Amino acid sequence: DVKVTQSSRYLVKRTGEKVFLECVQDMDHENMFWYRQDPGLGLRLIYFSYDVKMKEKGDIPEGYSVSREKKERFSLILESASTNQTSMYLCASSLLHDGYTFGSGTRLTVV
Amino acid sequence: AQSVTQPDIHITVSEGASLELRCNYSYGATPYLFWYVQSPGQGLQLLLKYFSGDTLVQGIKGFEAEFKRSQSSFNLRKPSVHWSDAAEYFCAVGPSGSARQLTFGSGTQLTVLP
């Protein structure tokens, strides 16, 4: 069964820490995405990548960066975590005609 | 720009009753359309998708959806709801952009009464 794996289900970090969220897919997909999900705001696109070492900003990139050194791995980085980054983070990958495959999500709490 | 509207934020149905979740989209060409379901604390799972052809598509868990171009709609239906269907449902349209992104609706929360 194809999978998108997010390294942590739950994380608690302190304000100001540098935080890494990892996402790995085993489907050889070109495209990968990071979303955050907050009650009442739906899914908001943070960053995406359509090839190794390629990245583009989504709708809410401020305070975040990404890294894609290998095709299967797409990392989201919170440079200096803040409490307003407490959220559910969802990683997804895709091929053109198959929609997205999502990971199980990482619930991040910044204290 | 493409957009998706799910007019119902929250729907409550009784177990065994029929269900219809609404989705309206705006898209410049023939869209690809998707329905996803999210159980509490989980990621999103694909229920069904429409690319072309038969406008009535069947998905997993007994769900179906009908594409109506004239109404720009892609409503999700199930004839008899089970308690395990309680979840949040997202409609999505696409693709567009360099990574063929999808645009998601804001979701409909489904509550199932025993």
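Everything numeric here is computed off the predicted structure, so don't read it as measured data. (Residues numbered from 1 in each chain as written. Chains lettered and ligands numbered in written order. Predicted model: local features only at pLDDT ≥ 70, side-chain atom pairs only at ≥ 80, totals over all residues. Heavy atoms only, no water.)

### With respect to the overall build of chain B
- Across its full length, chain B carries zero helices and twelve strands.
- Along its sequence from the N terminus, chain B presents helices and strands in the succession β-β-β-β-β-β-β-β-β-β-β-β.
- Compactness check: chain B gives a C-alpha radius of gyration of 14 Å against a globular reference of 13 Å for 114 residues, within 12% of the reference.
- Structurally, chain B occupies a C-alpha span of about 45 × 30 × 20 Å along its principal axes.
- The buried share among the 114 residues of chain B stands at 46%.
- In chain B, of all internal contacts separated by at least 6 residues, the share reaching a separation of at least 24 is 54%.
- Accessible area of chain B: about 5200 Å², with a carbon and sulfur share of 49%.
- Charged side chains in chain B number 8 positive and 8 negative. The centres of these two groups are separated by 8 Å. (Helix = DSSP H or I, 4+ residues; strand = E, 2+ residues; numbered from the N terminus. Rg over C-alpha atoms; globule rule 2.2 N^0.38 Å. Buried < 20%, exposed > 50% of the residue type's maximum accessible area, 1.4 Å probe, protein only. Contact = heavy atoms within 4.5 Å. Areas by Shrake-Rupley, 256 points an atom, 1.4 Å probe, with all protein chains shown as cover. Lys, Arg positive; Asp, Glu negative; His and termini not counted. Charge placed at Lys NZ, Arg CZ, Asp CG, Glu CD.)

### Description of the interface of chain B and chain A
- Between chain B and chain A, the residue contacts involve 21 residues of the former and 23 residues of the latter.
- The interface formed by chain B and chain A holds five residue pairs in polar contact (both at pLDDT 80 or more) in total.
- Every element with two or more residues in the side of chain B that touches chain A is listed here: strand E5 (32–38), strand E6 (44–50), strand E10 (87–96) and strand E11 (101–104) of chain B.
- Among the elements that line the side of chain B that touches chain A, the one with the most residues is E5 of chain B, at four residues.
- When its residues are assigned to classes, the side of chain B that touches chain A shows eleven nonpolar, seven polar and three charged. (Polar contact = N/O pair within 3.5 Å; in protein donor to acceptor, adjacent residues only side chain to side chain. Nonpolar A, V, L, I, M, F, W, Y, C, P; charged D, E, K, R; others polar.)

### Some details on the packing of aromatic side chains
- One pass over the full model with this rule turns up 19 aromatic pairs over all chains.
- The interplanar angle of 20° and the centroid separation of 4.3 Å between the aromatic rings of Phe33 of chain A and Tyr100 of chain A together place this pair among those described as stacked. Taken together, the residues Phe33 of chain A in strand E5 (residues 31–38) and Tyr100 of chain A in strand E11 (residues 100–102) connect sequence positions 67 residues apart. Assigned by exposure class, Phe33 of chain A and Tyr100 of chain A land together as buried.
- Three or more aromatic residues link up through ring pairs in this structure, and these residues are Phe33, Tyr35, Phe48, Tyr100 and Phe102 of chain A together with Tyr32, Phe34, Tyr36, Phe51 and Phe104 of chain B. (Phe/Tyr/Trp six-rings, centres within 6.5 Å; stacked < 30°, edge-to-face > 60°.)

### Things to note about the state of the cysteines
- Counting across every chain of the model gives two disulfides over all chains.
- Here Cys23 of chain A pairs with Cys91 of chain A through a disulfide, and the sulfurs are 1.9 Å apart. Of note, the bridge from Cys23 of chain A to Cys91 of chain A carries an S-S torsion of about -75° and is left-handed in sense. Of the two residues, Cys23 of chain A is situated in strand E4 (residues 23–25) and Cys91 of chain A in strand E10 (residues 87–94); the sequence distance between them amounts to 68 residues. Taken individually, Cys23 of chain A and Cys91 of chain A each receive the classification buried, so the pair is uniform in this respect.
- Here Cys23 of chain B pairs with Cys91 of chain B through a disulfide, and the sulfurs are 2.0 Å apart. (Disulfide = S-S within 2.5 Å.)

### Overview of the environment of Ser52 of chain B
- Summarising the element assignment, Ser52 of chain B is placed in the loop between E6 and strand E7 (56–58).
- Sequence spacing of Ser52 of chain B and Pro31 of chain B is 21 residues, and the spatial spacing of their C-alpha atoms is 8.6 Å.

### Focus: the side chain of Gln38 of chain B
- Tracing the backbone through its elements, the reader meets Gln38 of chain B in strand E5.
- Looking at Gln38 of chain B, its side chain comes within polar contact range of the main-chain oxygen of Gln42 of chain B, at 2.7 Å.
- Those residues within four positions of Gln38 of chain B in sequence are excluded, and the remaining contacts are Gln37 and Leu90 of chain A together with Gly43, Leu44, Ala87, Glu88 and Phe90 of chain B.

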